[in-house]
Amino acid sequence: MNSPRFQPGTVRDAIISFLRRQSDPATLAEIREGAEALLQRPVPNSSVRSYLNLNVPSTFIRTSLGRYQLTDDTAPERQRLLFPKSRPRLAFQRPKSAVYQGDCCDWLAEWEENSIHAVVTDPPYGLVEYTPQQQNKLRSGRGGVWRIPPSFDGSRRAPVPRFTTLSPQDIRDLGRFFYAWARVLRRVLVPGAHVFVASNPLVSYAMAAALVEAGLERRGEIIRLVMTLRGGDRPKNAHEQFPDVSVMPRSQWEPWLLFREPIEGRVQDNLRRWKTGALRRPSSDKPFCDVIQSRPTHHCERRLAPHPSLKPQAFLRQIVHAALPLCEGIVLDPFAGAGSTLAACEHAGYESIGVEIDEHYVDMAEGAIPLLANFQPNSSSR
Ligand SMILES: C[S@@+](CC[C@H](N)C(=O)[O-])C[C@H]1O[C@@H](n2cnc3c(N)ncnc32)[C@H](O)[C@@H]1O
């Protein structure tokens, strides 16, 4: 008797699920065996072959050796190809911090296991906005993915990346990149290490799903209340015809995803052994809260570190303070930019490490960290 037919999509899901677990491309026979193991029943060779053939190149890539891999799995590789390749190198050191120049995924793959106690980072959400091509366009004022807004009321507005230009494929690439990033990040984290990742309402769902899939534990989301320059505009070139319309809501908040490397035993056990697993209170009578009133980075601070995505010290210091519950351990920023996280760590007396791919920003960080660490936010920049 023939074995009962599979429900539509069952074999496809098993193939994708099997390939997602592989670090190298797999043969037809390996894929069939993998799908059978997942489905716990025989899968005909012909169904696997026809499914793979039908979906090259949209879902799968066939390598020259006749092996297959998921197209999406090439996203981290594609992002890396956009940057010139070089081994991460120690760029400079300060008494409690060090900055490496290079690709953070390469750095993470080589760094000592179980040695990082928290991560506070602000990655390139759209993947492409910090490639050399887009940075050259930004630096020469030519736009690209960066919206170069006109002068407004006599003051020049800061450029912002346009995440609305991301296609569904870009969002899938972004998910694959953050999945691969979180996998390699987990190697270096101690159990209970908290991971704070800045995001954007348009892409945060894809980033969060990728981090969960990579095995990090979701612990909530910090809402940074801040009036950004995004959204709220009337339709382009038709604002007079539609004066009462906004294309998108005017954004007044920024999500910071909060994750944790799974703990060992109870929180108290983890705190004793690894010094992590919980969050430091701002004061003994107040817990760390998930809504933080903030402001855009003040121009006085931007003058110290003219990075296009500089985060303000007043906000970062609150996040960094919470990241080490017992004030012990090392905070990592794998997308360090001008070093604002490291400056906030220096202010708190914490040890920190930064990794930054762009030499221009590494040089900026060397000068900016001590200035930002000593920066006194006043009431107008807080
Ligand atoms: C959003 S910015 C961070 C800015 C930072 N929060 C600050 O206040 O200066 C992201 C940074 O990540 C860097 N970057 C992009 N891809 C990277 C990679 N694969 N490894 C390390 N750094 C990377 C970019 O050059 C950029 O400076």
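Residues numbered from 1 in each chain as written. Predicted model: local features only at pLDDT ≥ 70, side-chain atom pairs only at ≥ 80, totals over all residues. Heavy atoms only, no water.

K.L.:
Report on the pattern of salt bridges, specifying residues and quantitative values.
P.N.:
The tally for this structure, following the rule as stated, stands at 14 salt bridges. One salt bridge in this structure joins Glu 36 and Arg 32, with 3.2 Å as the shortest N-O distance. Here the residue Glu 36 and the residue Arg 32 both occupy positions in helix α2 (residues 28–39), the gap between them amounting to four residues, near one helical turn. Arg 219 is the salt-bridge partner of Glu 217, the closest N and O atoms lying 3.3 Å from each other. Overall, Glu 217 belongs to the partly exposed group, its relative accessible area being 25%. Residue class for Arg 219 comes out partly exposed when judged on its relative accessible area of 42%. (Salt bridge = Lys/Arg side-chain N within 4 Å of Asp/Glu carboxyl O. Helix = DSSP H or I, 4+ residues; strand = E, 2+ residues; numbered from the N terminus. Buried < 20%, exposed > 50% of the residue type's maximum accessible area, 1.4 Å probe, protein only.)

K.L.:
Tell me about the sheet that holds strand β12 (residues 253–260), and name the residues and values.
P.N.:
With respect to topology, nine strands assemble into an open sheet ordered β3-β4-β15-β14-β5-β10-β12-β11-β13, the strand pairing being mixed. The outermost strands of the open sheet, each flanked by one partner alone, are β3 (89–94) and β13 (291–293). Strand-to-strand twist across the sheet, computed as the mean angle between neighbouring axes with direction ignored, equals 20°. The strands touched by helix α9 (residues 267–274) are β5 (116–121), β10 (189–198) and β12; relative to β10, the strand with the most contacts, the crossing angle is about 95°. (Pairing = 2+ DSSP bridges. Axes fitted to C-alpha atoms, helices over the stretch in contact; angles between N-to-C directions. Contact = heavy atoms within 4.5 Å.)

K.L.:
Give a description of the nonpolar core that names residues and reports values.
P.N.:
Generally speaking, nonpolar side chains in soluble globular proteins are found buried as a group. Of all hydrophobic cores here, the largest spans 60 residues; its most connected members are Val 120, Trp 181, Leu 185, Phe 196 and Leu 332. Top contributing element to this core by residue count: helix α7 (residues 168–188), with 10 residues. Residues contacting Leu 332, with those up to four places away along its chain left out, are Trp 107, Leu 108, Ile 116, Ala 118, Val 119, Val 120, Leu 185, Ile 353 and Val 355. The next biggest cluster of nonpolar side chains, apart from the first, holds 18 residues, and it includes Ile 31, Val 48, Tyr 51 and Tyr 68. (Core = buried A, V, L, I, M, F, W, Y, C linked by side-chain atoms within 4.5 Å.)

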